[in-house]
Amino acid sequence: MITGELRSRIDRLWDAFWSGGISNPLEVIEQITYLMFIKRLDGIQTTKEHKANRTGGEVDSPIYSADTKDLRWSVFTEKQPDQMYEIVANEVFPQLRGLGGEKSTYSQHMKDARFTIPTPNLLTKAVDILDELPLDQGDVKGDLYEYMLSKIATAGQNGQFRTPRHIIQLMVEMMNPSPRDEICDPACGTAGFLVAAAEYVQREHYDALLERNQQLHFHNSMFHGFDFDSTMLRIASMNMLLHEIEEPDIRYRDSLAQNVADETEKYSLILANPPFAGSLDYETTAEDLLQVVKTKKTELLFLALFLRLLKPGGRAAVIVPDGVLFGSSKAHVGLRKMLVENHRLDAIVKLPSGVFKPYAGVSTAIVFFTKTNAGGTDNVWFYEVTADGYSLDDKRTPLLSEEKLGPRPNVALDEADHEKNNLPDVLARWARRGNSELERPRTAQSFTVVKADIVSQNYDLSLNRYKEIVHDEGEHRPPLDIIADLESLESEIQSGLSILKAAIR
């Protein structure tokens, strides 16, 4: 997470675009991302050249040739503003659109890349600010990118809500992806889940990634993201490259409309927060999804899609609206029954209703399940998150210092901190769900419910159905004493009325 001076520089860059005539946040992000991407390409070329100098060989797969060396960031940014503007508009962007050859992930999405910065002055300001940013340090690029994405004020349309990064991190930590996983987000948006999963694997399995085949898998076949918004696909693919993933599978796909036969049982882990966009027509919905569940509800169709995409043994952590957990329609009950009886439903983590503010106040939960095709649900672990470290109003102000936020804070939290950030406790108790968590009472923040109880409640999975509330015992006066007091008051009133009547005659 970025703070202080770095954050104010990005804000300054954002303001420059705003005052320079580009007010659409998505367009601002796109243009800034293009410039960061172009700067990064120059850095990659420099690394390749250093390697070639050390080994005495040729530059491997050079991005720039002798004829195109003037298109490098380090070269064109030394030009006068008007000249730089001409080069970027008429030479750098055409090169960008053909980047990586016809079959690369980036060329597919960059072919429509447009340079829309209106003046040399704005381009110069943007270049100067980007040159001040330490993009080569640690994960600054990724953090800057995430911060810019948080500024997308247009999110929330069509049921699309940007998932807060700390919630994504919680889901990734709980799923513990391995270097051999094939991870898919069928509604990837800006690829936040895939980036977080990549960061986790790089951090937790660093040694495994040193092995060549594992490296190839990481860069070429581990991450898969689909979306039907071409702008999102461009941002997602650049987001992945800025996080050092070379050839992710980011592609156009209308996940609910297209038949998934070619993707069936292909992935071992699904992480997603699909859009809750109401209903679709049967005619525009993939037939093989309707065979799983006959419904027009997108949230149910996405769950059916996840079951189709997962390999046997594959796992999923997905955000759903609360209605999925207790809806009484045949499709709602049928899908929940399928998860409980045909697969292994692992957990329901209820999120506070303000977690998606300022975009929406919708109540949601994270559903964790494993595809088995043979059942396996013995009990389901429930956790009620009441605080995620931020205020639950539109401002979403941090309630704790930065080192105490997220699912893995840098310092231990005490009881008072826990009241403001439950996420570390969720993670710790998730690891104990097969042991001590089995003994927790249903009055606790987390508890376990056996399958038979869920079946007896017609597969209702809402936490409130099983949580027990302890009411404080209070001392009450005997009812006859209270009645005697009421009779005494009534007598006083009647006596007072009699005196009043006598006085006014």
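What this report covers is the structure whose coordinates are included nearby.

Definitions and cut-offs
Residues numbered from 1 in each chain as written. Predicted model: local features only at pLDDT ≥ 70, side-chain atom pairs only at ≥ 80, totals over all residues. Heavy atoms only, no water. Helix = DSSP H or I, 4+ residues; strand = E, 2+ residues; numbered from the N terminus. Buried < 20%, exposed > 50% of the residue type's maximum accessible area, 1.4 Å probe, protein only. Contact = heavy atoms within 4.5 Å. Lys, Arg positive; Asp, Glu negative; His and termini not counted. Charge placed at Lys NZ, Arg CZ, Asp CG, Glu CD. Axes fitted to C-alpha atoms, helices over the stretch in contact; angles between N-to-C directions. Parallel < 35°, antiparallel > 145°, perpendicular 65-115°, else oblique. Left-handed = near helix turned anticlockwise from the far one by under 90°. Nonpolar A, V, L, I, M, F, W, Y, C, P; charged D, E, K, R; others polar.

**Concerning the overall build of the chain**
Counting its secondary structure elements, the chain contains 20 helices and nine strands. Over its C-alpha atoms, taken along the principal directions, the chain stretches across nearly 110 × 65 × 50 Å. The 505 residues of the chain split such that 51% are buried. Sequence separation of at least 24 residues holds for 72% of the intrachain contacts in the chain that already meet a minimum separation of 6. Looking at the chain, you have 56 positive and 75 negative side-chain charges, and the mean spots of the two groups are 3 Å apart.

**Section: the packing of helix H2 (residues 25-55) against helix H6 (residues 120-132)**
Where H2 contacts H6, the axes come no closer than 11 Å and their chain directions differ by 55 degrees. When the axis of H2 is compared with that of H6, the two are oblique. The hand of the H2/H6 crossing is right-handed. From H2, Ile 32, Leu 35, Met 36 and Lys 39 reach across to H6, where they touch Leu 123, Ala 126, Leu 130 and Asp 131. For the contact of H2 with H6, the residue count by class is six nonpolar, no polar and two charged.

**Here we look at the packing of helix H1 (residues 4-19) against H6**
Their axes nearest at 10 Å, the elements H1 and H6 cross at an angle of 170 degrees. Between H1 and H6, the interaxial angle falls into the category roughly antiparallel. Contacts from Arg 9, Arg 12, Leu 13, Ala 16 and Phe 17 of H1 reach H6 at Leu 122, Lys 125, Ala 126, Ile 129, Leu 130 and Glu 132.

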